[in-house]
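# What the coordinates show
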Amino acid sequence: MTEAPGSSSIFLGSAVVYSNDAKENVLGVSHETLMEHGAVSAETAGEMVRGAMRIYGSDTAIAVTGIAGPGGATETKPVGLVYIAVADGPRVVVSRNVFEGDRAAVRSQTVATAADMLVELLEGRL
């Protein structure tokens, strides 16, 4: 996101929130959401993206929560499961994705999909 010169004029910041505590304390994800739906869920991703907009005072945001592997999978949440949320003011769109490959591949696909989703949202295609 910040590879291009001048990106600081539009990129306000980021938060890496792996633990549930960080999701709660940094982005304001509710404890109830985490307990009821889990850290890797559409509900959590939606709360994360709203929290990012709030803490940075931004017009748009992206949030990602998932299982990149190789461990961490459960019977209902496989490696490669990633929820991506994008927001533009009141609009929040969350997608459920199951990406293939190793950890690096899952992460790479996540970044590309998240960027595409934000562009699509801003262009009115989501």
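The residue numbers shown here count from 1 along each chain, following its written sequence. In view of the model being predicted, local features appear only for residues whose pLDDT reaches at least 70, and side-chain atom pairs are presented and counted only at 80 or more, with totals across whole chains, interfaces and linings using the full set of residues. With hydrogens and water stripped out, all remaining heavy atoms of the structure feed into the side-chain values.

Now for the pairing of strand 1 (residues 60-66). Alternating positions in strand 1 separate cleanly, Ala61, Ala63 and Thr65 being buried on one face and Thr60, Ile62, Val64 and Gly66 remaining unburied on the opposite face. Where strand 1 and strand 2 (residues 81-88) come together, seven bridges link them in antiparallel fashion. Bridge assignment links Ile62 to a residue of strand 2, and that residue is Val86. Any residue under 20% of the maximum accessible area for its type is buried, any over 50% is exposed, and the rest in between are partly exposed; the area is computed with a 1.4 Å probe on protein chains only. The numbering of helices and of strands both runs from the N terminus, where a helix is a DSSP run of H or I of at least 4 residues and a strand a run of E of at least 2. Any two strands between which DSSP finds at least two bridges are classified as paired.

We count a salt bridge whenever a side-chain nitrogen from Lys or Arg sits within 4 Å of a carboxyl oxygen from Asp or Glu. Evaluation of the coordinates by the stated rule reveals two salt bridges. Arg91 serves as the salt-bridge partner of Asp88, at 2.5 Å between the closest nitrogen and oxygen. What makes Arg91 partly exposed here is its relative accessible area of 34%. The salt bridge partner of Glu123 is Arg125, with a shortest N-O separation of 2.5 Å.

This brings us to the sheet that holds strand 1. Strand order in the open sheet made by the three strands is 1-2-3, with antiparallel pairing throughout. Bordering the open sheet on either side are strand 1 and strand 3 (91-98), each of which pairs with just one other strand. Mean inter-strand twist for the sheet, computed between neighbouring axes without regard to direction, equals 15°. Alignment of strand 2 against strand 3, held across eight bridges, turns out to be antiparallel. Following the sheet pairing, Val82 is matched in strand 3 by Asn97. Angular values range over 0 to 180 degrees, each being the angle between N-to-C directions of two axes fitted as lines to C-alpha atoms, with helices fitted over their stretch in contact.

With respect to the helices and strands, the residue Val98 is situated in strand 3. Separated by 17 residues in sequence, Val98 and Leu81 place their C-alpha atoms 4.4 Å apart. Between two residues, a contact is recorded if the distance between any of their heavy atoms is within 4.5 Å. Every residue in contact with Val98, bar those within four places of it in the chain, is listed here: Pro78, Val79, Gly80 and Leu81.

Tracing the sequence through the fold places Gly38 in the loop between helix 2 (31-37) and helix 3 (42-56). Residues contacting Gly38, with those up to four places away along its chain left out, are Thr33, Thr44 and Lys77.

This part takes up the nonpolar core. For our purposes a nonpolar core is just a set of buried Ala, Val, Leu, Ile, Met, Phe, Trp, Tyr and Cys residues, chained together by side-chain atoms within 4.5 Å. One finds Leu27, Met48 and Val49 to be the most contacted residues of the largest nonpolar core, which totals 19 residues. Elements with a contribution of two residues or more to this core: helix 1 (20-27), helix 3, strand 1 and strand 2. With five residues, helix 3 is the single largest residue contributor to this core. If we ignore the near neighbours within four places in the chain, the residues touching Met48 are Val17, Lys23, Leu27, Val29, Ala63, Val64 and Thr65. Listed in part, the ten residues of the second largest apolar core include Ala68, Ile84, Val106 and Met117.

Relative to the helices and strands, Thr65 resides in strand 1. The exposure class of Thr65 is buried, given its relative accessible area of 5%. A polar side-chain atom of Thr65 sits 2.7 Å from the main-chain carbonyl oxygen of Ala39. When residues no more than four places from it in sequence are discounted, the contact partners of Thr65 are Lys23, Ala39, Val40, Ser41, Ala45, Met48, Leu81, Val82 and Tyr83. Here a polar contact is recorded for every N or O atom pair within 3.5 Å, except that within protein the pair must consist of a potential hydrogen donor and a potential acceptor, and residues adjacent in sequence are included only if both atoms are side-chain atoms.

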